[in-house]
Amino acid sequence: MPLPRNKVHKRKPATKAICSADATPLGDSYMGRMENAEGWNAVISIICEGFKIPDLTTRHGLKKIHAEFDTIYARLDGAYEAYKHEEKITGGIVGVYARMCADDLIRDRLYKKGFLRRIFPLLRVPTARHLALRALCAITHSLNTEGRLEVARDYRFLLRSLEDFPDDPVGSELGVAVLSHAIQAVVGFTAESTPPQLFKELDMVPILQTVVDSAKYPFASPYLLGHAHSLFAIAPYNCAVACKEVPSAITFLVAGLRSTSLSFRCISLNALLRLHDPGSEHHDLSTNTVDLTKKIQHLPGHQQFECSTVAATIMDLVVGLAEYKVHNDLYQLGLVFAEISIRIPQIEFSFPASAGVSRGTSTIWHVEPVQIWMTSLRTCAAAIREHGKESEQHLADILEIKYLFRLPAEAPDMGKGLELAEKGVERYPDCAFFYDILCIRGYAQHEGDYAISLKWAKKGLKCPNTPRFLRLHLLHYAVTWAGFLGVEKMKSARTTEYAWTEGSAFLTSALEDSETYIKEAPPDAVFLKDVLSWNLLLRIVMKGPEIGLNLDEFKDTIQKIKNTESLRTLIGATTERTGPYLLQETVVRLYAESVAEWGTAMRRNDRVHTWESYQPKNVDEALAKWLEDLPLDDSSDYACRTLQSNPTVNSNAVALYRCSWCRNCSAVLRKCSMCDKSRYCDASCQRAHWKEHKRHCRPQ
């Protein structure tokens, strides 16, 4: 791995420090000028001049701050203590610190020095309130989690500030931004990142309601609405109950599905999915196929129903088991087991307690499928390995996997099963069963990694001659994982082109696979209602403001969802209320109401967004590259950017480079010595990024 490179400069003669710790305080002339100065920018300029602070609006000036940081900080902090009763001086020094925070590395050093304790007292000073909020906003915008948590501890004071000055557009804009930055660090937590006590002390209902009230004011700017959206979008992760107690926060997200910005719409959809996850039901694959088959016999086309396919497969199993009782041939029984496992991978969930094969009016064979299945899988696999042909050896692997993944109560060995499935993919790439196992079980083993499961599902769909049930199973998971990945990727689409390309490819893939599933699935398919819900949600998020307020173009899909639920209820099948199903219910019910409540605010917010179509160029190529683990170009990692474009918050608009790993912006990042493009804070950032960066790191 190449080392981060510093520029080599010729040694210059030592120069006098910018400002020494024993320098004299501000003279009377500076004090007089500050007394008559109008506005904080003028006060800050006078302090910078008096303390000989370098130009903070240039990278060159910030580099000097890095070089003389300890001396400059000691000088400014000493002056803060000496003049702590002079509001203009203490406020001006805080303003200087805020401008330094344009450089993330300087910001981190200021935080470690206790910079935040200098800001909070100014929040109680009316004339300095905006300055303090600007400083907090600039800092919390990119401060580490620890710093944001420290700000979050004083959230009640921020709430009071918003409640006490409801007609203050600048204060509301800044206060909502600070709240959003700080609270996100608490509610978007992992168990390791947030102190449990702080989370318990956080009362999210008044926080959400206060932000809703601020967002409803006619003066609410796109900047305020954007931060309100960020807070509403992160809150459902761990505070879904509180969100449901503030209905206007939910309607804000539903109205966000109509934004002109695709990334804004996807963030809204992702939050709504999270909101409906608690309390949602998972698919119950256990069915009484005998009873279901009897109930559908009067329905037209019932032979093509999914429960008919399951019942016929179980009958084939029963016949095979009965034959085994007569002939005691484990090899033939193994072939039967393997064939039905490929036809319906989760067949064991539909086994009856006992079954018989009749001839005339008499039952001549009586078997117990579950007992024989569970006790014979491994012995049948061994029989196939011993007596089977070379072309049948993958069937033995299938039975071995089924044994390792036997019913959850019996502690499945997922590690060995997945290893065997991966070998099966290598040796028998046209057998969709192995991809199905890796798709479902791999998701569980990798703690919900959608990407791993989606890759296996998409590759499994390319297998020829896949039975319908198994194909529909793969299509369902391809829709689900691509849908989740698409909205997740689009959260970063405003800052990185590759996230836009990948996110659009996932959304397009999910929509196309949902259309295929709907076309191929029988009316009683277990996942049909779920896929129809995804199809409706994806079309809404992709079309955005193009759709009508009454959702007339989706009436056919809405009716199909109702028909599917009615049919499954009629025949006695399970009708789970999954997350996507609950969400489409909410969107259909609240869509017109949400647009009426938030339409004006959303149109105001859309002024800062350009129109975004969900179909970028080369979607198919992007998805193909992703499936083959090829990197997409991410040139934006190395781009120079300007911090804080909003004039209300902007304390220092200076162009800085961004670290390719941690995304910090600084004037003193070091380039990769090989490609001369990537920039890093230090060697630790480069080491952390190397696994990804080495794929496209090339000498210049």
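Residues numbered from 1 in each chain as written. Predicted model: local features only at pLDDT ≥ 70, side-chain atom pairs only at ≥ 80, totals over all residues. Heavy atoms only, no water.

Undergrad: Explain the overall build of the chain here, please?
TA: Scanning the chain from N- to C-terminus turns up 32 helices and 8 strands. Split into buried and exposed, the 700 residues of the chain put 55% on the buried side. When contacts within the chain are restricted to residue pairs at least 6 apart in sequence, long-range pairs at least 24 apart make up 69% of them. Total accessible area computed for the chain in this model is approximately 31600 Å², and 51% of it derives from carbon and sulfur atoms. (Helix = DSSP H or I, 4+ residues; strand = E, 2+ residues; numbered from the N terminus. Buried < 20%, exposed > 50% of the residue type's maximum accessible area, 1.4 Å probe, protein only. Contact = heavy atoms within 4.5 Å. Areas by Shrake-Rupley, 256 points an atom, 1.4 Å probe, with all protein chains shown as cover.)

Undergrad: Which parts of the structure should I look at to understand helix 13 (residues 204-216)?
TA: In an α-helix, one turn spans 3.6 residues; hence positions three or four apart end up facing the same way. An ideal rise of 1.5 Å per residue puts 18 Å on 13 residues; helix 13 measures up with 18 Å between its terminal C-alpha atoms. Along helix 13, the residues classified as buried are Met204, Ile207, Leu208, Thr210, Val211, Val212, Ser214 and Ala215. Elements that come into contact with the buried residues of helix 13 comprise helix 10 (155-164), helix 11 (169-187), helix 14 (222-234), helix 15 (240-244), helix 16 (247-256) and helix 30 (579-605). (Expected span 1.5 Å × (residues − 1).)

Undergrad: I would appreciate a short explanation of the side chain of Asn270 in the present structure.
TA: Among the secondary structure elements, Asn270 is positioned in helix 17 (residues 262-275). Residue Asn270 is classed as buried on the basis of its relative accessible area, which comes to 3%. Residue contacts for Asn270: discarding those within four places in its chain leaves Tyr237, Val487, Glu488 and Lys491.

Undergrad: So what exactly am I meant to see when it comes to the pattern of salt bridges here?
TA: Scanning the entire structure with this criterion turns up 21 salt bridges. For Glu81, the salt bridge goes to Arg118, with nearest N and O atoms at 2.8 Å. Here Glu81, found in helix 4 (residues 69-82), pairs with Arg118, found in helix 7 (residues 116-119); they are 37 residues apart in sequence, far enough to count as distant. Overall, the relative accessible area of 7% leaves Arg118 in the buried class. Connected via shared salt-bridge partners are Asp77, Glu81 and Arg118. (Salt bridge = Lys/Arg side-chain N within 4 Å of Asp/Glu carboxyl O.)

Undergrad: Looking at this model, I keep getting lost on unusual backbone geometry. Mind explaining?
TA: Peptide bonds are trans in most cases, and residues, glycine excluded, mostly fall at negative phi. Phi at Asn465 is positive, roughly 55°, even though this residue is not glycine. By the element assignment, Asn465 lies in the loop between helix 25 (450-460) and helix 26 (468-490). By relative accessible area, which is 79% here, Asn465 ends up exposed. If you check the backbone angles, Leu551 has positive phi at about 55° while not being a glycine. Position of Leu551 relative to the elements: it lies in the loop between helix 28 (528-543) and helix 29 (555-570).

Undergrad: Explain the packing of helix 16 against helix 17 to me, please; I cannot follow it from the model alone.
TA: To describe two helices that pack against each other, one gives the angle between their axes and the distance between the axes. For the pair helix 16 and helix 17, the least separation of the axes is 8 Å and the interaxial angle reads 135°. In terms of their interaxial angle, helix 16 and helix 17 are classed as oblique. Both helix 16 and helix 17 take part in a crossing whose hand is left-handed. Between helix 16 and helix 17, the contacting residues are Ile250, Phe252, Leu253, Val254 and Gly256 on the first element and Phe264, Arg265, Ser268, Ala271, Leu272 and Leu275 on the second. Across the contact of helix 16 with helix 17, the residue classes tally to 8 nonpolar, 2 polar and 1 charged. (Axes fitted to C-alpha atoms, helices over the stretch in contact; angles between N-to-C directions. Parallel < 35°, antiparallel > 145°, perpendicular 65-115°, else oblique. Left-handed = near helix turned anticlockwise from the far one by under 90°. Nonpolar A, V, L, I, M, F, W, Y, C, P; charged D, E, K, R; others polar.)

Undergrad: What is the right way to look at the environment of Asp70 in this model?
TA: Inspection of the secondary structure assignment puts Asp70 in helix 4. Between the C-alpha atoms of Asp70 and Arg109, which are 39 residues apart in sequence, the distance is 9.5 Å. With residues near it in sequence (within four places) discarded, Asp70 still touches Arg109 and Lys113.

Undergrad: In this structure, what is going on with the packing of aromatic side chains? I would like to understand it.
TA: Centre-to-centre distance and the angle between the planes together describe a pair of aromatic rings. Tallied over the entire structure, the rule returns 14 aromatic pairs. Centre to centre, the rings of Tyr73 and Tyr97 are 5.7 Å apart; their planes meet at 25°, and the pair counts as stacked. Linking Tyr73 in helix 4 with Tyr97 in helix 5 (residues 87-100), this pair joins segments that are 24 residues apart in sequence. Tyr73 gets classed as buried once you look at its relative accessible area, which sits at 7%. A relative accessible area of 1% places Tyr97 in the buried class. Each ring, one from Tyr217 and one from Phe219, has its centre 5.1 Å from the other, and the planes form 10°; the classification is stacked. Of the residues examined, Phe219 reaches a relative accessible area of 26% and is grouped as partly exposed. Each member of the aromatic cluster is reached from another via a ring pair, and the members are Tyr450, Tyr477, Trp481, Phe484, Phe527 and Trp534. Sitting over the ring of Phe157, Arg124 keeps its end group 5.2 Å from the ring centre. Across the ring face of Tyr581, the terminal group of Lys529 is positioned such that the distance to the ring centre comes to 4.2 Å. (Phe/Tyr/Trp six-rings, centres within 6.5 Å; stacked < 30°, edge-to-face > 60°. Lys NZ or Arg CZ within 6 Å of the ring centre and 35° of its normal.)

Undergrad: How should the state of the cysteines be read in this particular structure?
TA: What we call a disulfide is simply a covalent bond connecting the sulfur atoms of a pair of cysteines. Taken as a whole, this structure holds 0 disulfides when the rule is applied. In this structure Cys243 is a free cysteine whose sulfur lies 6.5 Å from that of Cys239, the closest cysteine sulfur available. Among the residues examined, Cys243 registers a relative accessible area of 4% and is labelled buried. (Disulfide = S-S within 2.5 Å.)

Undergrad: In this structure, what is going on with the nonpolar core? I would like to understand it.
TA: Across soluble globular proteins, you tend to see nonpolar side chains buried next to one another. Of all hydrophobic cores here, the largest spans 203 residues; its most connected members are Leu76, Met100, Ile183 and Met204. For this core, the element with the highest residue contribution is helix 26, accounting for 14 residues. When residues no more than four places from it in sequence are discounted, the contact partners of Leu76 are Ile47, Phe51, Ile53, Ile93, Val96, Tyr97 and Met100. In this structure, Cys659, Leu669, Tyr680 and Cys697 belong to the second largest nonpolar core, which totals 9 residues. (Core = buried A, V, L, I, M, F, W, Y, C linked by side-chain atoms within 4.5 Å.)

Undergrad: Would you mind going over helix 11 with me for this structure?
TA: An ideal rise of 1.5 Å per residue puts 27 Å on 19 residues; helix 11 measures up with 26 Å between its terminal C-alpha atoms. For helix 11, the side-chain oxygen to backbone nitrogen distance between the N-cap and Val170 is 3.3 Å, and the N-cap itself is Asp168. (Polar contact = N/O pair within 3.5 Å; in protein donor to acceptor, adjacent residues only side chain to side chain.)

Undergrad: Help me understand the packing of helix 3 (residues 59-67) against helix 6 (residues 104-112), please; the structure alone is not making it clear to me.
TA: At a minimum axis separation of 10 Å, helix 3 and helix 6 run at an interaxial angle of 35°. As for the relative orientation of helix 3 and helix 6, their crossing is left-handed in sense. Each of Leu62, Ile65 and His66 in helix 3 lies in contact with helix 6, whose residues at this interface are Leu105, Ile106 and Arg109. When its residues are assigned to classes, the contact of helix 3 with helix 6 shows 4 nonpolar, 1 polar and 1 charged.

Undergrad: Help me out: how do you make sense of the side chain of Thr586 in this one?
TA: Examined against the element boundaries, Thr586 turns out to sit in helix 30. Of the residues examined, Thr586 reaches a relative accessible area of 8% and is grouped as buried. Here His276 takes part through its side chain, which lies 2.7 Å from a polar atom of the side chain of Thr586.

Undergrad: How do you make sense of the environment of Asp449 when you look at a structure like this?
TA: By the secondary structure assignment, Asp449 is in the loop between helix 24 (432-445) and helix 25. Sequence separation between Asp449 and Trp481 is 32 residues, and the spatial gap between their C-alpha atoms is 8.9 Å.

Undergrad: Can you help me understand the confidence of the model for the chain in this one?
TA: Atomic detail in the predicted coordinates should be set aside for any region of low pLDDT. Of the residues in the chain, 78% reach a pLDDT of 70 or more, and the chain-wide mean stands at 80. Taken element by element, the chain is modelled with least confidence in strand 4 (residues 640-642), mean pLDDT 41, and with most confidence in helix 16, mean pLDDT 97. A low-confidence stretch, residues 630-645 stays under pLDDT 50, and its non-local contacts, those more than four residues away or across chains, total 52 contacts. (pLDDT = per-residue confidence, 0-100.)

Undergrad: I'm lost on the environment of Glu339 in this one. Help?
TA: Along the chain, the position of Glu339 falls in helix 20 (residues 330-343). A relative accessible area of 36% places Glu339 in the partly exposed class.

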